[in-house]
Amino acid sequence: MPDVMSSRLVGVGVGPGDPELVTVKGVNALRAAEVVVVPVMDTGERGRAEATVLHYVPEEKVLRVVFALNERTDRARREAAWDAAGERVTELLKRHASVAFATIGDPNVYSTFTYLAQTIVELVPGVVVETVPGITAMQDLAARSGAVLTEGTEPLTLVPVTAGSAVLKEALAGPGTVVAYKFGRQAAEVAEALRETGRIEDAVWGSALGLPEESVRPAAELDGEPLPYLSTLIAPPRRDSGRGGKL
């Protein structure tokens, strides 16, 4: 049994869904870990992180741990899920020298890993926590759509629409590119905000990137119907000054 004080927890970003977008370092970290934890909802269906991980490590090495991933209204249920997951991973760290946690996108960008790591640090003093960066949905959508995220001195603003449409409108009224995450359930409000701020013409959205059901479309085609929860939006600023005009 390893010394818990020397155990290692590694958050590995596995990208937005396309298995080919996992970095070499990410694959090596998954394969080096004794156990790979993947988050699942309490309904039990296989998530993107798990599906991606299974391209690189055998199923018997993967452990599914339940998280209330989409829970925003029932704080008690969310906290209970985090606590239970933390206790489960703590037990793993008592038996294994290295445990990896696979998360879609990047482990330091709106990731479940953040909450798990905070819990583990309190439960296992001295545990080593590391992260391996992953490709984000905004990078993948930019590549698939041809949208340029930033030029020259332009800022880049990332907004989770779960924070409310007012936050998105404020960002759209400012300079630079605005990226919106998790906007699917509020697609109608997002389309309205884009039109009000004159940003809809060059904006694009995408969902299920890298998967068979992938959709990448102009934002001008948004018709108010709800979209998949994990939809991503890129709204570039107007660029009328020619090549290098933003330098």
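Residues numbered from 1 in each chain as written. Predicted model: local features only at pLDDT ≥ 70, side-chain atom pairs only at ≥ 80, totals over all residues. Heavy atoms only, no water.

**Structural notes on the sheet that holds strand S1 (residues 8-13)**
Whenever strands of a sheet pair, they do so through backbone hydrogen bonds, lying parallel or antiparallel. Taken in spatial order, the 5 strands make up an open sheet running S3-S2-S4-S1-S5, and their pairing is parallel. Because the sheet does not close on itself, it has two edges, and the strands there are strand S3 (62-66) and strand S5 (128-132). Averaged over all pairs of adjacent strands, the angle between their axes in this sheet comes to 25°, without regard to strand direction. Pairing analysis gives 5 bridges linking strand S2 (residues 35-40) to S3, with the strands arranged parallel. (Pairing = 2+ DSSP bridges. Helix = DSSP H or I, 4+ residues; strand = E, 2+ residues; numbered from the N terminus. Axes fitted to C-alpha atoms, helices over the stretch in contact; angles between N-to-C directions.)

**Overview of helix H4 (residues 112-123)**
Look at H4: 17 Å from first C-alpha to last across 12 residues, which is about the 16 Å you get at 1.5 Å a residue. Residues Thr 112, Phe 113, Leu 116, Ala 117, Thr 119 and Ile 120 constitute the buried set of H4. One face of H4 carries all of its buried residues, which in axial projection span an arc of 165°. On its buried face, H4 is in contact with S1, helix H3 (75-95), strand S4 (98-103) and S5. The opening residue of H4 is Ser 111, an N-cap whose side-chain oxygen sits 3.0 Å from the backbone nitrogen of Phe 113. (Expected span 1.5 Å × (residues − 1). Buried < 20%, exposed > 50% of the residue type's maximum accessible area, 1.4 Å probe, protein only. Arc of directions from axis to C-beta. Contact = heavy atoms within 4.5 Å. Polar contact = N/O pair within 3.5 Å; in protein donor to acceptor, adjacent residues only side chain to side chain.)

**Details of the side chain of Asp 18**
Note that Asp 18 resides in the loop between S1 and helix H1 (24-32). Judged by relative accessible area, which is 15%, Asp 18 ranks as buried. A polar contact of 2.9 Å, which involves the side chain of Asp 18, links it to the backbone nitrogen of Glu 20. Within the structure, Asp 18 has its side chain in polar contact with the side chain of Arg 144 (distance 3.1 Å). Residues within four places of Asp 18 in sequence aside, it is in contact with Arg 144, Leu 209 and Gly 210.

**Details of the environment of Thr 157**
Tracing the sequence through the fold places Thr 157 in strand S6 (residues 156-160). Note on Thr 157: relative accessible area 26%, which makes it partly exposed. Along the backbone, Thr 157 and Ala 235 are 78 residues apart, and their C-alpha atoms lie at a distance of 9.9 Å. Setting aside residues up to four positions removed in sequence, Thr 157 forms contacts with Ala 171, Thr 177, Val 178 and Val 179.

**What about the environment of Phe 67?**
With respect to the helices, strands and loops of the structure, Phe 67 is situated in the loop between S3 and H3. Judged by relative accessible area, Phe 67 falls into the buried class, the value being 2%. With 28 residues separating them along the chain, Phe 67 and Pro 39 place their C-alpha atoms 6.0 Å apart. Discounting chain neighbours no more than four positions away, the residues touching Phe 67 are Pro 39, Val 40, Met 41, Asp 42, Ala 81, Trp 82, Ala 85, Phe 101, Thr 112 and Leu 116.

**Looking at the domain arrangement of the protein**
Under the domain assignment, the protein is made up of domain 1 (8-132) and domain 2 (137-235). Taken over C-alpha atoms, the centre of domain 1 sits 27 Å from the centre of domain 2. At the junction of the two partners, domain 1 supplies 10 residues and domain 2 supplies 15 residues. Taken together, domain 1 and domain 2 are joined by 1 salt bridge. Its salt-bridge partner being Arg 144, residue Asp 18 comes within 3.1 Å of it at the nearest N-O pair. Linking domain 1 with domain 2 are 1 residue pair in polar contact (both at pLDDT 80 or more). Taken together, the residues of the side of domain 1 that touches domain 2 break down into 5 nonpolar, 2 polar and 3 charged. (Domains from an automatic or database assignment. Salt bridge = Lys/Arg side-chain N within 4 Å of Asp/Glu carboxyl O. Nonpolar A, V, L, I, M, F, W, Y, C, P; charged D, E, K, R; others polar.)

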